[in-house]
Every structure is written in C-alpha cells, then in structure tokens.
Amino acid sequence: MIAKEHIDDLLNRNGNILSTDGDKIGSIGQVYTDDENGQPTWVTAKTGLFGSSETFVPLEGAQVRGDDVVVPYTKDVVRDAPRVDVDGHLEPTEEERLYQHYQLSGDGRTYTDATTNQENRFAGQDTSGTVGHDTSGPTTDDAMTRSEERLHVGTEKQETGRVRLRKYVTTENVTRTVPVQREEVRLEREPITDANRGEALSGPDISEEEHEVILHEERPVVDKETVPVERVRLDKDTVTDEVRVDEEVRKERIDTDGVDDTRR
C-alpha cells in the first residue's frame, strides 16, 4: 500500500504507471490525497504528446515496483476513464464519475493535489503568506501563472497506394515473305537431224509409249522459339515536399488594474 510518507519519493523518481499486464499507461503526473487523513488516493497518468493529457487512476490496490507504480487496471480501462481537469482538486461530482468508471464505492470525501499542496476548495481558508487574495476562487499563492499553447508539428508515414508488376500473354500476327521454288514441265520439240536420227530409229516403227517426270516444289516450314528480350523491375524514390501547417494556438494574457505597467 502506498502511504503519504512515500509521496515525495514517488514523485521524484520520474517513474511510470504500469497496468496489470505490465503495459506502460503513462508517466507519473500528480498525486492527490484525501483531505481528511492525507493518504494518497489518486494518481494521474501523463499520456499523449509530451504528456499533454493526464488521466486519473485510483491508488487503491496499487503497488510500487522500483520507480514505477503498478495499478490493478488494464491500459484500456484507464484510457477510457472520464476526463477530469487536473486543477489541484477533485470535486465530489468528478470523484463520483471516476468511482463509477473504476467500479469503486466513494464516501463523499474530497481530494487535493499533494504535488502543489493546494487547500481544500470548500474549506474557506486563505493560504498564509500571500499578498492579496483571489476573487475568482480560493487563494492559492501570490502569483498568477500565464500559460500558452505551443505548436509541435511532426510527420507520420502512411500508405498512399500500391504498384504491382503483372505480365500477361497476347497474340499478334507476324507476316514474313519466304522465296520457295517449284518445278514445272516444259515441252521441248526438236527436228530429226543426222545427230539424233539414230536415237529416233532405235525403237519399233509404230508403238505406244508413256514417259513420266516427277515434279517438286518447296513449301515454307514454320518453327518458333522463346527468347528473353528485357527485364523489368519496380523501384521507388523518395521526394521531399513542403507542406504548410496553419493552426491556432491559445495564449493567456495578464492585464493589471490600478498599476501603470505596460509589460505583458
């Protein structure tokens, strides 16, 4: 169990708040104590960019493990907790919403931030040692804090599209001209001369004869082969563009009444 004498040591460790399964919920922010007995009851988990968001987590059942605090809740349960302003004090209505979320029973007590040691909002007491008093609420100290929002711009990488290589088969006609040769019959007649008279009279005087000549011709023959012609691959380049970010930020201004001071 975390006791009130452990508060300062716990805040100085700059540890984290861990869930039941060891996940980091956030860093330790502020510790709120019971106004009646001073026992630490709530702790805030700082999450978001640069710890810009704080979520209340009960310290009931929590344990200290090294520099960290282990709470009996999962990260999702804490993340879905009601958003309550971290203004140094828990009002009864805010406390009730938190108790309902974490399924705890409240007793109507109020709690004050032990980190800044602010007084009970309903006690009606002024903080000693201050000059003047607050007219908008209980007196805290003798100074007013001016805050402003700072713009932090970063980048994140996201998928914008995909490119694929795909090959498929198409058919096209290819025309080639190939010279081919063929044999044709040509009839030749020659008169009887002294040179061929012997061949002409070598056979019978009158007879029937047949003579055959075989003709040839060339025909085109088609053969196909597959040959590689090129290689295609995908590659990607990184280009840098400039994107202008235009966002509003809030700043607090402090004016003075009754004092001749032009500084802000």
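All of the points below concern the structure found in this document. (Residues numbered from 1 in each chain as written. Predicted model: local features only at pLDDT ≥ 70, side-chain atom pairs only at ≥ 80, totals over all residues. Heavy atoms only, no water.)

**Thoughts on the overall build of the chain**
So, point 1. What the chain contains, in helices and strands, is 4 helices and 8 strands.
So, point 2. The order of helices and strands in the chain, counted from the N terminus, is α-β-β-β-β-β-β-α-β-α-β-α.
So, point 3. Expressed as a percentage of its 264 residues, the buried residues of the chain come to 20%.
So, point 4. Put simply, of all contacts in the chain between residues at least 6 apart along the chain, 55% involve residues at least 24 apart.
So, point 5. Looking at the chain as shown, the accessible area adds up to about 23,200 Å², and 44% of this sits on carbon and sulfur atoms. (Helix = DSSP H or I, 4+ residues; strand = E, 2+ residues; numbered from the N terminus. Buried < 20%, exposed > 50% of the residue type's maximum accessible area, 1.4 Å probe, protein only. Contact = heavy atoms within 4.5 Å. Areas by Shrake-Rupley, 256 points an atom, 1.4 Å probe, with all protein chains shown as cover.)

**Focus: the nonpolar core**
So, point 1. Core analysis: the largest hydrophobic core is formed by 26 residues, its most contacted members being Trp42, Val57, Val69, Val71 and Tyr102.
So, point 2. When residues of this core are traced back to their parent elements, those giving at least two are helix H1 (7-12), strand S2 (24-34), strand S3 (40-47), strand S4 (53-58) and helix H3 (92-101).
So, point 3. Considering each element in turn, this core owes the most residues, 4 residues, to S2. (Core = buried A, V, L, I, M, F, W, Y, C linked by side-chain atoms within 4.5 Å.)

**Considering the pattern of salt bridges**
So, point 1. The tally for this structure, following the rule as stated, stands at 8 salt bridges.
So, point 2. Between Arg150 and Glu148 there is a salt bridge whose closest N-O contact spans 2.7 Å.
So, point 3. Judged by relative accessible area, which is 60%, Arg150 ranks as exposed.
So, point 4. We note a salt bridge from Arg162 to Glu159, for which the minimum N-O separation is 2.9 Å. The pair Arg162 / Glu159 is uniform in exposure class, with both members exposed.
So, point 5. Taken together, the shared-partner salt bridges in this structure form one network comprising Arg146, Glu148 and Arg150. (Salt bridge = Lys/Arg side-chain N within 4 Å of Asp/Glu carboxyl O.)

**Observations concerning the pairing of S2**
So, point 1. Most of S2 sits inside the fold, with 9 of its 11 residues counted as buried.
So, point 2. Adjacent in sequence and paired antiparallel, strand S1 (residues 16-18) and S2 are bridged by 5 residues, among which Gly22 carries a positive phi angle near 90 degrees.
So, point 3. Remark: 5 residues form the turn of the hairpin made by S2 and S3, two consecutive strands paired antiparallel; Gly38 in that turn has positive phi of roughly 75 degrees. (Pairing = 2+ DSSP bridges.)

**A closer look at H3**
So, point 1. Burial in H3 covers these residues: Glu94, Glu95, Leu98 and Tyr99. For H3, the buried positions fall inside an angular range of 135 degrees around the axis, keeping them on one side. Among the exposed residues of H3, those pointing more than 90 degrees away from its buried face are Thr93 and Gln100.
So, point 2. One or two positions beyond H3, positive phi appears at Gln103, with a value near 55 degrees. (Arc of directions from axis to C-beta.)

**Quick word on the side chain of Asn196**
So, point 1. Locating Asn196 in the fold gives a position in the loop between strand S8 (111-113) and helix H4 (197-200).
So, point 2. Not counting the four nearest positions on each side in its chain, Asn196 is found in contact with Glu190 and Pro191.

**Focus on the pairing of S3**
So, point 1. The buried count for S3 comes to 6 of 8 residues, which makes it a mostly enclosed element.
So, point 2. Where S2 and S3 come together, 5 bridges link them in antiparallel fashion. Of the residues in S3, the one forming a bridge with Ser27 is Lys46.
So, point 3. Two strands pair when backbone bridges link them, and S3 and S4 are joined in this way by 6 bridges, in the antiparallel orientation. Looking at S4, one finds that Thr47 is bridged to Ser53.

**Considering the packing of aromatic side chains**
To describe a pair of aromatic rings, one takes the distance between the centres and the angle between the planes.
So, point 1. With the rule as written, the count across this model stands at 5 aromatic pairs.
So, point 2. Taken together, a centroid distance of 5.0 Å and an interplanar angle of 75 degrees make the contact between Tyr32 and Phe56 edge-to-face. Here Phe56 lies in strand S4 and Tyr32 lies in strand S2, a separation of 24 residues in the sequence.
So, point 3. For Tyr32, a relative accessible area of 0% translates into the label buried.
So, point 4. Using a relative accessible area of 1% as the deciding quantity, one classes Phe56 as buried.
So, point 5. Taking the centre distance of 6.4 Å and the plane angle of 85 degrees together, the rings of Trp42 and Phe56 count as edge-to-face. Here Trp42, found in strand S3, pairs with Phe56, found in strand S4; they are 14 residues apart in sequence, far enough to count as distant.
So, point 6. On the accessibility criterion, Trp42 (0% relative accessible area) is buried.
So, point 7. Through pairs of rings, three or more aromatic residues link up here, namely Tyr32, Trp42, Phe56, Tyr73, Tyr99 and Tyr102. (Phe/Tyr/Trp six-rings, centres within 6.5 Å; stacked < 30°, edge-to-face > 60°.)

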